[in-house]
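Coordinate inspection notes
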Amino acid sequence: MNYDFNEIEAKWQKYWAENQTFKAANNSDKEKFYVLDMFPYPSGAGLHVGHPLGYIASDIYARYKRHKGFNVLHPMGYDSFGLPAEQYAIQTGQHPADTTRVNIDGGFDKEGNEIKGYRKQLDVMGFSFDWSREVRTSNPDYYKWTQWIFIQLFNSWYNNDSNKAEDISTLIALFEKEGNTTVNAVSDEDIEAFTAEQWKGFDTKKKQEILLQYRLTYLADTEVNWCPALGTVLANDEIVNGVSERGGHPVIRKKMTQWSMRISAYAQRLLDDLTTVDWPQPLKDSQTNWIGRSQGASAIFNVKDHDDKIEVFTTRPDTIFGVSFMTLAPEHDLVSKITTPEQKEAVEAYIEATAKRSERERMADVKTISGVFTGAYAEHPFTKEPIPIWIGDYVLAGYGTGAVMAVPCGDQRDYDFAKHFNITIPNIFEGVDISEEAFADKGKTVITNSDFLNGLPYKKAMKLAIYELEKIGHGKGKINYRLRDAVFSRQRYWGEPFPVYYVDGMPQMIDAEHLPIALPEVEKYLPTETGEPPLGNATIWAWNTETNEVVDNSEINNTTVFPLELNTMPGWAGSSFYFNRYMDPNNENEIFSKEAINYWQDVDLYIGGSEHATGHLLYARFWQKFLFDKGVVPKNEFAKKLINQGMITGTSALVYRINLKVVEKSKIILREKGEAIIPKEAFKYISVKSNIFASYKLLDSISSKTVTSSNSVITAENIELAIKLMSIFKVEKNIIDLINDGSHILDISYDCIRIDVNNVDASDKIIDFGKLRDWNDFQHGNFIDDIGVIIKNVGEFTTGREVEKMSKRWYNVVSPDSICVEYGADSLRLYEMFLGPLEQSKPWNTAGITGAHGFLKKLWRLYVDDNGVKVTDTEASKDSLKTLHKTIKKVEEDIENFSFNTSVSTFMIAVNELSSQKCTSREVLEALIILVSPYAPHIAEELWNKLGHSESISTAPFPKFESSHLVESSKEYPVSFNGKMRFKLELPLDLSKEEIEKTVMEHEKTQKQLAGRTPKKVIIVPGKIINIVG
RNA sequence: GCUCGAGUGGCGGAAUUGGUAGACGCGCUGGAUUCAAAAUCCAGUUCCUUUGGAGUGUGGGUUCGAUUCCCACCUCGAGUACCA
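Anyway, here's the lowdown on the structure attached to this text. The shown structure was predicted, so the numbers you read here are calculated from the model rather than taken from an experiment.

Analysis parameters
Residues numbered from 1 in each chain as written. Chains lettered and ligands numbered in written order. Predicted model: local features only at pLDDT ≥ 70, side-chain atom pairs only at ≥ 80, totals over all residues. Heavy atoms only, no water. Helix = DSSP H or I, 4+ residues; strand = E, 2+ residues; numbered from the N terminus. Buried < 20%, exposed > 50% of the residue type's maximum accessible area, 1.4 Å probe, protein only. Contact = heavy atoms within 4.5 Å. Areas by Shrake-Rupley, 256 points an atom, 1.4 Å probe, with all protein chains shown as cover. Pairing = 2+ DSSP bridges. Axes fitted to C-alpha atoms, helices over the stretch in contact; angles between N-to-C directions. Parallel < 35°, antiparallel > 145°, perpendicular 65-115°, else oblique. Nonpolar A, V, L, I, M, F, W, Y, C, P; charged D, E, K, R; others polar. Phe/Tyr/Trp six-rings, centres within 6.5 Å; stacked < 30°, edge-to-face > 60°. Polar contact = N/O pair within 3.5 Å; in protein donor to acceptor, adjacent residues only side chain to side chain. Salt bridge = Lys/Arg side-chain N within 4 Å of Asp/Glu carboxyl O. Near = heavy atom within 4 Å. Expected span 1.5 Å × (residues − 1). Core = buried A, V, L, I, M, F, W, Y, C linked by side-chain atoms within 4.5 Å.

A few words on the overall build of chain A. Helix and strand content of chain A: 32 helices and 43 strands. In terms of overall dimensions, chain A has a C-alpha envelope of 95 × 85 × 75 Å along the principal axes. In chain A, which comprises 1030 residues, the proportion classed as buried is 52%. When contacts within chain A are restricted to residue pairs at least 6 apart in sequence, those whose partners lie at least 24 apart make up 70%. A total of about 47200 Å² of accessible surface is found on chain A, and carbon and sulfur atoms cover 49% of it.

For a regular strand, side chains alternate in direction, first toward one face of the sheet and then toward the other. Two elements, strand β40 (residues 970-977) and strand β41 (residues 980-988), share eight bridges in a ladder whose sense is antiparallel. Residue Ser970 lies in a different strand from β41, and its bridge partner there is Pro988. Counting the residues that bridge the hairpin from β40 to β41 gives two residues, and of these Asn978 lies at a positive phi of roughly 50 degrees. As defined by bridge partners, β40 adjoins strand β43 (residues 1025-1029) across three bridges and the pair is classed as parallel. Bridge pairing links Phe977 to Ile1028 in β43.

Packing of helix α26 (residues 849-863) against helix α30 (residues 937-946) leaves a shortest axis separation of 11 Å and a crossing angle of 5 degrees. One way to sum up the angle between α26 and α30 is to call them roughly parallel. For the pair α26 and α30, contact is made by Leu856, Leu859, Trp860 and Tyr863 and by Ile939, Glu942, Leu943 and Lys946, respectively. Classifying every residue of the contact of α26 with α30 by side-chain character gives six nonpolar, no polar and two charged.

Right, let's get into the packing of aromatic side chains. Under the counting rule described, the total for this entry stands at 68 aromatic pairs. A centroid spacing of 5.0 Å and a plane angle of 70 degrees characterise the contact between Phe488 and Trp572, whose relative ring orientation is edge-to-face. One end of the pair, Phe488, is in the loop between β20 (486-487) and β21 (500-503); the other, Trp572, is in the loop between β25 (561-563) and α17 (578-581), with 84 residues separating them in the sequence. Phe488 gets classed as buried once you look at its relative accessible area, which sits at 0%. Looking at Trp572, the relative accessible area reads 6%, which means it is buried.

Okay, unusual backbone geometry next. In most cases, non-glycine residues show a negative phi, while peptide bonds are predominantly trans. In this structure, the amide linkage connecting Leu515 to the following residue, Pro516, adopts the cis form with an omega of 0 degrees. Along the polypeptide, Pro516 turns up in the loop between β22 (506-509) and β23 (542-544). The backbone phi angle of Asn548 is positive, close to 55 degrees, even though this residue is not glycine. You can see Asn548 is positioned in the loop between β23 and β24 (549-551). One non-glycine residue with positive phi stands out, namely Lys730, at about 60 degrees. Considering the arrangement of structural elements, one finds Lys730 in the loop between α21 (719-728) and α22 (733-740).

Turning to its location among the elements, Gln412 is positioned in helix α15 (residues 412-421). Filtering out sequence-adjacent residues up to four positions away, Gln412 remains in contact with Glu437 and Ala438. In this structure the side chain of Gln412 is engaged in a polar contact, spanning 3.0 Å, whose partner is the backbone nitrogen of Ala438.

A few words now on the pattern of salt bridges. Using the criterion set out here, one finds 47 salt bridges in the structure. Notably, a salt bridge pairs Asp873 with Arg922, separated by 3.0 Å at the nearest N-O pair. Here the residue Asp873 occupies a position in the loop between β39 (868-869) and α27 (878-896), and Arg922 occupies one in helix α29 (residues 922-932), the gap between them amounting to 49 residues. Among the residues examined, Asp873 registers a relative accessible area of 66% and is labelled exposed. Where salt bridges share partners, they join Lys32, Asp602, Asp604, Lys635 and Lys640 into one cluster.

Turning to the protein's contact with RNA strand B, a few remarks are in order. In the vicinity of RNA strand B there are 51 residues, among which Thr315, Tyr399, Arg413, Ser763 and Leu835 approach most closely. Backbone atoms, meaning sugar plus phosphate, form 64% of the atoms of RNA strand B positioned within 4 Å of the protein. Separating a sugar or linking oxygen of RNA strand B from a side-chain N or O atom of Thr314 is a distance of 3.2 Å. In this structure, a phosphate oxygen belonging to RNA strand B sits 2.9 Å away from a side-chain N or O atom of Asn901. For the surface near RNA strand B, the elements supplying multiple residues, two or more each, are α11 (281-291), β14 (309-314), α26, α28 (900-916), β40, β41, β42 (1017-1021) and β43. With six residues, the single largest contributor to the surface near RNA strand B is α28.

The strand order across the open sheet built from three strands is β24-β23-β25, with neighbouring strands paired in antiparallel fashion. Only two strands of the sheet have a single partner each, and these edge strands are β24 and β25. Taking the axes of each pair of neighbouring strands and ignoring which way they run, one obtains an average angle of 35 degrees across the sheet. Where β23 meets β25, three bridges bridge the pair, whose relative direction is antiparallel.

What follows deals with the side chain of Asp79. Locating Asp79 in the fold gives a position in the loop between β2 (71-73) and α3 (83-92). Residues contacting Asp79, with those up to four places away along its chain left out, are Phe39, Pro40, Tyr41, Pro42, Thr137, Gly571 and Ser575.

We now examine the environment of Asp866. Topologically, Asp866 is positioned in the loop between β38 (864-865) and β39. Each C-alpha atom of the pair Asp866 and Asp416 lies 83 Å from the other, and the pair is 450 residues apart in sequence.

Okay, α27 next. Taking 1.5 Å of rise per residue, 19 residues should cover 27 Å, and α27 covers 27 Å from first to last C-alpha, within 8% of that figure. Tucked into the core, α27 has its buried residues touching α2 (53-67), α28 and α29. Downstream of α27 by a residue or two, Phe898 has a phi angle that is positive, lying close to 55 degrees.

To continue, consider the nonpolar core. With 102 residues, the main nonpolar core has Trp844, Leu859, Tyr863, Phe900 and Leu928 as its most contacted residues. Grouped together as the second largest cluster of nonpolar side chains are 94 residues, Leu219, Ala538, Leu617 and Trp623 included.

Look at α2: 22 Å from first C-alpha to last across 15 residues, which is about the 21 Å you get at 1.5 Å a residue. Counted residue by residue, α2 has 15 buried out of 15 residues, so it is predominantly covered. Gly69 sits one or two residues past α2 and shows a positive phi near 90 degrees.

See the structure below:
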């Protein structure tokens, strides 16, 4: 009986689906365990072998936990709203809902190409997902709850006293009682103060305007990152190096009315609670950086001859006496007010120039120092000295207050600015030379020339400076965060609609009972001619407050029927709570039942890529904390443990298009640095652009210089091969002779051309030349094989290999489907794990899979031969039991440590050992197949079934490790001399140190090693090692 | 520039608390089987000047003993980018 993996895998996948083997119950006596994969976006390109890496790891863990007796929740679904589907809709006119459905469920695209679909691709890999819990963020019964959470955020404010989100009604009650002056809330800046009496006198609109400044999601004019090419705003984390993350389009700053999320209210808690989760340190570091907490002081400087004040944030209030100028961001509100008439022209020109520069230019060019004096002066809060006020684009409008007190002696940027514009640089540090650069070492700081701060070190000076600033009413201690409130509006079609309509320009929430507000149909997915978002094209997009229905726009009367919000929500909205929704995904009345959330609580293991570090993972933590404050979820953090799986890169296959040059040696001019200059007259022969392709091995054997994709010229040293090559190029004999006599050299230049990796075998050789010639470039190409002969139809042609990102453009994409057809899902699963540690990035090379596949065949033969099952009830040998139990121990440790690669090796060793022991014992083999089952579930089910079990193996108890089987009576000691192992010696383990020493010293090999010397010392660690020093 | 991570055979990688470096697999070499190939099986495979010796990016240090700990440097990768 052969191992027919295709049949076996199809059989068990069908069995699992029909029997709902992995359906998790929301009430169980068993302990819960929640294993989650990061939400995939279902793109049309489908999966390549790199994508399932994390899914395989989480599936192994989930299956392991079932064997360990846990009730395991292991769901899967789709983050199905998003930009690519919409861009595709704009290009092809197809509804994004349709293309998204095809991408998930399979079907055909507009060109008629078959799309297999995510679901089918996932199914053939044998994952133990509970598909009854699948969610899609673009389904109305899902986004109903995204809209519901939005309403909850709108109806909440952040109370700094209780340090949590509270219902907006408690804020209104406070306003009614004592106005807003005593309220300790997170809010917009510059809110006008009012008393309780004034509040009661405000009309409804005014009250709403004020409340918006406190709500956790609010509508406000904000400076946003506008991407003209995509026609939408982008969040900070959607911009990389000044261009959009998707598509790489330029981004400009623009002021727009937008929904924002007051995530800044949670900055400190998001930072603090990082210590409570078991997440990778680099991920925590990047969140810490992104939040960017810095402690210091705000200081207020009066502007001379004006009523205005400039507030700055500084982390070095101790250096306040070192201030010699101030710098404002060019966008700062005060600039136009305070600029003197003499400076007006220069200032305006500068502002215009900076506005023109894109964000990217500004970032790329950090070295150029630029700025303009405004002509105005501020007043030092302590010395009352005048301080010139400059503007400069090194000050960012978006950070702190957009203004800095410049202390050139203590800050390098201020120092450079001062030097450049000849501003004085007063020194306030004792015993420090600042003639060359600023001094920023806090630890060594001793303040001088600073009135009451003289002689103090950094920490004391800082405290005293803040105290004195507070005393004169010119500042206070302050903590500043880099984290900005998150812009929540997108000018796109394919996203969640807001449950919002407008009365008199003020946003109103639709009652939760009327949700979901479904995405309307539109003719075009582009912005309207008046520049409104795509929903502006919808004709049925107005809210009737009497019938509580979405109605035709023509009915808008602004008394009972009002216009609806035209923006949609960003991609991260739907993915910020899906892990909770999975607990009770089909609940129509609640986001999830109390029973479900109280049973499942939180995610125990979350696996996904590190690219979500500052996007999804920060926003999801924010929403979780908000829902926690509101008593909706019981946990402050949603995922206890998180693992970032590494990327799988591709191994591209290269062939080399070559050209030849014959150069006269004596005419080459060598420069000092080793560079060679070749004058025109040195060339005796230059080939025309050829269609001749050389094998890697050939080029490699011609030259001692390594052939790489970045270095494109080598010099022939192997004359014999060089002559072969030249004859292929039909170089005349008299030129060939020039090489032969040594007066000339042959330079071979090459371009690397990538070919399909699926046409290359384990030895890097091309499998099918016919297939290769179908490629445009190669139709009339000549291929020169490893020994320098033109290939007709067959031949040994070795390709070069290069590790790079797996991508269509490098022809190095390998799909899991084809691997599953050829080797089976179990082989794929084992091999992906075997490649290396989960967290590390590593290259894929299909060649290696034969190792994993061979293992499964060998495993199969341990149970089954030509006559059927060969497992017997005979007693297991001591050796076999030893093999089994050391395997149990190692595999259990490995899984608990997420070291899946080493357990695959352990299985291989176990099967190798049991095969040579000719083990047929049911006791051993039944336990072994349970161990293998999480990794290779199909073969495990099949063998389990063949052993006579009628139930699935999936909940069979994990074998118990018994140390008694591993007890040894003797040990093969390594005998080292000065730490170097020289020979081994088998000794009983119960020997005393003295006895060991005696035996070792008497040994002939010891005497030979010592060659008559007397050892200085003999180190003996019983059971471990013997080391002889001397 | 800053922060973090990593450097071990031809390749992916293993090595528990400081205790036999290179497990396991690929590839390669030789052999068996076969008309032949595939598949399978067996043996070998870090390097060198091989009765031995060297060796985990480089140079130092701690130690009886270092891939593992400490210091300095080099290289590569990831993140971040004027954050006051």
